[in-house]
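Structure assessment
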Amino acid sequence: MVNVIGIDHLAIRVSDLEHSRAFYDQVLGFLGFTLEWEFDRVIGWTNGETLFWIAEADAQGRKHKHRTGDVGYHHYAFELGAREDVDALYAFLLDQRVSIVDAPTDYPDYGEGYYAVYFLDPDGLKLEVMFFLEKQKRRQLGRSRN
């Protein structure tokens, strides 16, 4: 049996590469990512663990907008190390006039200490930044057993 050790990267298609690049440069930069790759019509950022890629959609793909509810991509969540980091990103997003879907709030149905903000990229793709206390406790418990 193989063991997946993490998600290496996510790649999404965008309608306007330069507009999306400016958006992701700001947001991913705030989240500690740096630009690592750029070739053809593809751009990738990394935080040392995960890569986040954008590529320009082809002509057919640009004919229709993304619609939440369609088969396919729903949202991507970035996990942060502290609840205050979610609030800091939210303040940054407001300053950048990013479209907010749901302001920071607690989601007790998701588990203990789940706190998140949801927002949209320029194509209406939903992104989430979250802190999850229960997951942090599980990690600590796992480390203490080793």
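These lines cover the structure that appears in this document, whether it is placed above or below. (Residues numbered from 1 in each chain as written. Predicted model: local features only at pLDDT ≥ 70, side-chain atom pairs only at ≥ 80, totals over all residues. Heavy atoms only, no water.)

**What to know about the packing of aromatic side chains**
- According to the stated counting rule, one finds 14 aromatic pairs in the structure shown.
- A centroid spacing of 5.8 Å and a plane angle of 35° characterise the contact between Phe 52 and Phe 78, whose relative ring orientation is tilted. Within this pair, whereas Phe 52 is found in strand E4 (residues 51–56), its partner Phe 78 is found in strand E5 (residues 75–79), the two being separated by 26 residues in sequence.
- A residue is classified by how much of its surface remains accessible, and Phe 52, at 1% relative accessible area, is buried.
- Judged by relative accessible area, Phe 78 falls into the buried class, the value being 8%.
- Aromatic rings pair up to connect Phe 23, Tyr 24, Phe 33, Trp 45, Phe 52, Tyr 76 and Phe 78 into one cluster.
- Over the ring of Tyr 118 we find Lys 126; its NZ or CZ atom is 4.8 Å from the centre of that ring. (Phe/Tyr/Trp six-rings, centres within 6.5 Å; stacked < 30°, edge-to-face > 60°. Helix = DSSP H or I, 4+ residues; strand = E, 2+ residues; numbered from the N terminus. Buried < 20%, exposed > 50% of the residue type's maximum accessible area, 1.4 Å probe, protein only. Lys NZ or Arg CZ within 6 Å of the ring centre and 35° of its normal.)

**Digging into unusual backbone geometry**
- Phi is positive for Asp 40, which is not a glycine, with a value near 45°.
- Among the secondary structure elements, Asp 40 is positioned in the loop between strand E2 (34–39) and strand E3 (42–46).
- Positive phi outside glycine occurs at Arg 97, with the angle close to 60°.
- Mapped onto the elements, Arg 97 comes out in the loop between helix H2 (83–95) and strand E6 (100–106).

**Quick look at the pairing of E4**
- Among the six residues of E4, five are classified as buried, and the element is accordingly described as predominantly covered.
- Pairing of strand E1 (residues 9–14) with E4 involves six bridges; the strand directions are parallel. Across the sheet, the residue bridging to Ala 11 is Trp 53, located in E4.
- Linking E3 back to E4 in an antiparallel pair, the connection comprises four residues, with Gly 48 at a positive phi of about 95°. (Pairing = 2+ DSSP bridges.)

**Side note on helix H1 (residues 17–30)**
- The end-to-end C-alpha distance of H1, which contains 14 residues, comes to 19 Å, matching closely the 20 Å that a straight helix rising 1.5 Å per residue would cover.
- Structurally, the start of H1 carries an N-cap: the backbone nitrogen of Glu 18 is 3.2 Å from a side-chain oxygen of Asp 16.
- In the segment just after H1, Gly 32 is the residue with positive phi, at about 90°. (Expected span 1.5 Å × (residues − 1). Polar contact = N/O pair within 3.5 Å; in protein donor to acceptor, adjacent residues only side chain to side chain.)

**A short note on the pattern of salt bridges**
- Taken as a whole, this structure holds nine salt bridges when the rule is applied.
- A single salt-bridge network, built from bridges that share partners, covers Arg 21, Asp 25 and Glu 38. (Salt bridge = Lys/Arg side-chain N within 4 Å of Asp/Glu carboxyl O.)

**Section: the sheet that holds strand E7 (residues 114–120)**
- With respect to topology, four strands assemble into an open sheet ordered E5-E8-E7-E6, the strand pairing being mixed. Each end of this open sheet is capped by a strand with a single partner; those strands are E5 and E6. Neighbour to neighbour, the strand axes of the sheet diverge by 20° on average, direction disregarded.
- Of the pairings in the sheet, the one linking E5 to strand E8 (residues 126–132) comprises five bridges and is parallel in character. Among the inter-strand pairings, Glu 79 is bridged to a residue of E8, identified as Met 130.
- Across the sheet, H1 touches E5, E7 and E8, and the angle it forms with E7 is around 165°. (Axes fitted to C-alpha atoms, helices over the stretch in contact; angles between N-to-C directions. Contact = heavy atoms within 4.5 Å.)

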